[in-house]
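# Structural description and commentary
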Amino acid sequence: MATVDAIIAGKYPAKAHARRVAQQLETHANGSPTVVYLEAQKTRMIEDNDEPMPFRQRRPFFYLSGCLLPDSSLVYNASTDELTLFLPATDPEDVIWSGLPLSATEALELYDVDRVQATPDVNATLSSIATAHGGKAVAFAIADQVSDETKFNGFAATNLTALKGAIETTRVVKDGYEIALLRKANDITAQAHIAALRKSQSATNEREIESVIIATCIAHGAREQSYHPIVACGENGATLHYPKNNADTIDIATKKRKGNVLIDAGGEYRTYCADITRVFPLEGRFPMETRQIYKIVLQMQAECIAMLKEGVQWEDVHAHAHRVAIDGLLELGILRGSKEELFEKRVSVAFFPHGLGHYLGMDTHDTGGNPNYEDKDSMFKYLRVRGRLPAGSVVTVEPGIYFCRFIIQPYLDSAELNKYIDSSVLEKYWGVGGVRIEDNLHVTRDGYENLTTAPKAIEEIESLACQAAC
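Residues numbered from 1 in each chain as written. Predicted model: local features only at pLDDT ≥ 70, side-chain atom pairs only at ≥ 80, totals over all residues. Heavy atoms only, no water.

### Considering the sheet that holds strand β9 (residues 260-265)
The sheet built from 3 strands is open, its strands ordered β8-β9-β12 with antiparallel pairing. Edge positions in the open sheet fall to β8 (230-233) and β12 (276-281), since each of these has one partner strand only. The average undirected angle you get between the axes of adjacent strands in this sheet is 15°. Pairing analysis gives 4 bridges linking β8 to β9, with the strands arranged antiparallel. Opposite C233, over in β9, you have V261 as the bridge partner. (Pairing = 2+ DSSP bridges. Helix = DSSP H or I, 4+ residues; strand = E, 2+ residues; numbered from the N terminus. Axes fitted to C-alpha atoms, helices over the stretch in contact; angles between N-to-C directions.)

This is the structure in structure tokens:
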């Protein structure tokens, strides 16, 4: 079996992706020849500055090219199965500062395309293709992602609405090359989490831990982050997307370390994202309350992962996570009442308010999830994925239990719901903040592959933490 590095040493399968997208477009072409046109992200300057903004390639363009260069374009002629990449012409003044650009010969070696031309040739190429099809071809592009100078002269029609959706639908099911890229991103991110675990034993501020995450990712080839890391110590972990990462690890009132840190971080490798969450002790071992909650969340995750396979209804998996949470919180005495009543009254949403996970790929919250944020059911409102999971999709499984005063207080204030929560027991758990455990799963026909290798067993985490503290 080929290794991850051996797979990604080959060319990104741009033409295979173009063929799949063209198939999605067939119903919109009504039997006419299909031509796809896409543009890369443009070089954009920082406002009031002579430096370019940080570059992020347009995902639709990368999906059909594998090219990370700005100011480029592509044309895919589905009838002839020809993919042409257009690169900016050489600018002598830019060469002085940035060196020679990629040549056409070099690009053909790197990318899964048939021809490489200069961007000034785009209109002539489009016109030639339209003429060859006798004016009957339909050009597909994405609205607001076509330069003013690009013309579709000679085409029967130009469709600016269907292509984006076709690409987003196609992207849900990953091929072997994409899975390898996601696995690579996960492997790098696992090393970053281990480095963060070790650093957390001596760090005095959340930002010290964040810096180790970013440095480790860069050192191993993931120069970009999938998203800004979340590094939340103690009660900060109760904020789902805690943005600050600047609090001290020492509690001012008690002069003691805050117990645990929630880290949600992922490196981006060649546009493909990892998204991993772990909770680590800040002083060798978990406090008792954190350990109790951690065991519940770990069981939530394990049972939900075991349900994964082609065709599983994601809402059923999410609901099961709530049932496991209810069992665990009842056992601790935080909740009281019957399991079924607690589920029907949606009391567990006070402690697990978000969806179980989301699709993952070139975006952290990847395309095709079909969420319904207008859902009136609080248990399902924030699900980023709805429906049945196809084989080949990659989904995160990230249950959590949180002690957020803002979210829980309305339940305590409710005459109908406060009887289900024992506030005297709850008082002992505010310091936990939140526990979330997140892995990235490749859904297969009969089950799943876990792409995430970062440690999560309590014994392994505490062993690594104690080694770092010594």
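### Section: helix α8 (residues 176-200)
Counted at 1.5 Å a residue, the expected span for α8 with its 25 residues is 36 Å, and the 36 Å between its end C-alpha atoms agrees. Measuring from the backbone nitrogen of Y177 back to the side-chain oxygen at the start of α8 gives 3.2 Å, which picks out D175 as the cap. (Expected span 1.5 Å × (residues − 1). Polar contact = N/O pair within 3.5 Å; in protein donor to acceptor, adjacent residues only side chain to side chain.)

### A look at the domain arrangement of the chain
Reports often express the size of an interface as the amount of accessible area lost when the parts come together. In terms of domain boundaries, the chain breaks down into domain 1 (4-172) and domain 2 (176-469). Computed over C-alpha atoms only, the centres of domain 1 and domain 2 are separated by 37 Å. Contact between domain 1 and domain 2 buries roughly 1,700 Å² in total, counting both sides, with carbon and sulfur atoms accounting for 61%. On the domain 1 side of the contact with domain 2, I8, R171 and V172 bury the most area, a combined 37% of that side's loss. In this structure, D366 engages R171 in a salt bridge whose closest nitrogen and oxygen atoms are separated by 2.6 Å. Run the count over domain 1 and domain 2 and you get 12 residue pairs in polar contact (both at pLDDT 80 or more). Elements with a minimum of two residues in the side of domain 1 that touches domain 2: α1 (4-8), α3 (59-63) and α7 (162-171). Here the side of domain 1 that touches domain 2 takes 4 residues from α1, the largest share from any one element. Considering only residue class, the side of domain 1 that touches domain 2 consists of 9 nonpolar, 2 polar and 6 charged. (Domains from an automatic or database assignment. Buried area = accessible area lost by both parts, 1.4 Å probe. Salt bridge = Lys/Arg side-chain N within 4 Å of Asp/Glu carboxyl O. Nonpolar A, V, L, I, M, F, W, Y, C, P; charged D, E, K, R; others polar.)

### Structural notes on the packing of helix α2 (residues 14-29) against α7
Running from N to C, α2 and α7 cross one another at 135°; their axes reach a closest spacing of 9 Å. Between α2 and α7, the angle is such that the two are oblique. The interaxial crossing formed by α2 with α7 has right-handed handedness. Only A162, L163, A166, I167, T169 and T170 of α7 make contact with α2, whose side of the interface consists of R20, V21, Q24, L25 and H28. For the contact of α2 with α7, the per-class residue count stands at 6 nonpolar, 4 polar and 1 charged. (Parallel < 35°, antiparallel > 145°, perpendicular 65-115°, else oblique. Left-handed = near helix turned anticlockwise from the far one by under 90°. Contact = heavy atoms within 4.5 Å.)

### A closer look at the sheet that holds strand β4 (residues 115-118)
Adjacent strands of a sheet form backbone hydrogen bonds with each other and so pair up, either parallel or antiparallel. Spatially, 6 strands are ordered β4-β3-β2-β1-β5-β6 in an open sheet, and the strand pairing comes out mixed. Looking at strand neighbours, the two that pair on one side only are β4 and β6 (157-159), the edges of this open sheet. Averaged over all adjacent pairs, the angle separating strand axes in this sheet is 20°, with direction ignored. Note that strand β3 (residues 82-87) and β4 share 4 bridges and pair parallel. The residue of β4 that forms the bridge with T84 is R115. Strands in contact with α2 are β1 (34-39), β2 (73-77), β3, β5 (138-140) and β6; relative to β5, the strand with the most contacts, it is inclined by about 125°.

### Quick look at the UniProt feature "domain: Aminopeptidase P N-terminal" (unreviewed entry) in the chain
Under the local residue numbering, the UniProt record ascribes the feature "domain: Aminopeptidase P N-terminal" (unreviewed entry) to residues 12-147. Helix makes up 34% of residues 12-147 and strand 18%, with an end-to-end C-alpha separation of 26 Å. (UniProt positions renumbered as here; feature names shortened; annotations may be inferred.)

### Observations concerning the nonpolar core
I293, W314, F351, I401 and F403 are the most contacted members of the largest nonpolar core, which totals 127 residues. Tallying contributions element by element places α8 first for this core, with 10 residues. Among residues more than four places away in sequence, those in contact with F351 are L329, I334, L335, G400, I401, Y402, F403, I408, I421 and L426. Listed in part, the 13 residues of the second largest apolar core include V75, V122, A130 and A137. (Core = buried A, V, L, I, M, F, W, Y, C linked by side-chain atoms within 4.5 Å. Buried < 20%, exposed > 50% of the residue type's maximum accessible area, 1.4 Å probe, protein only.)

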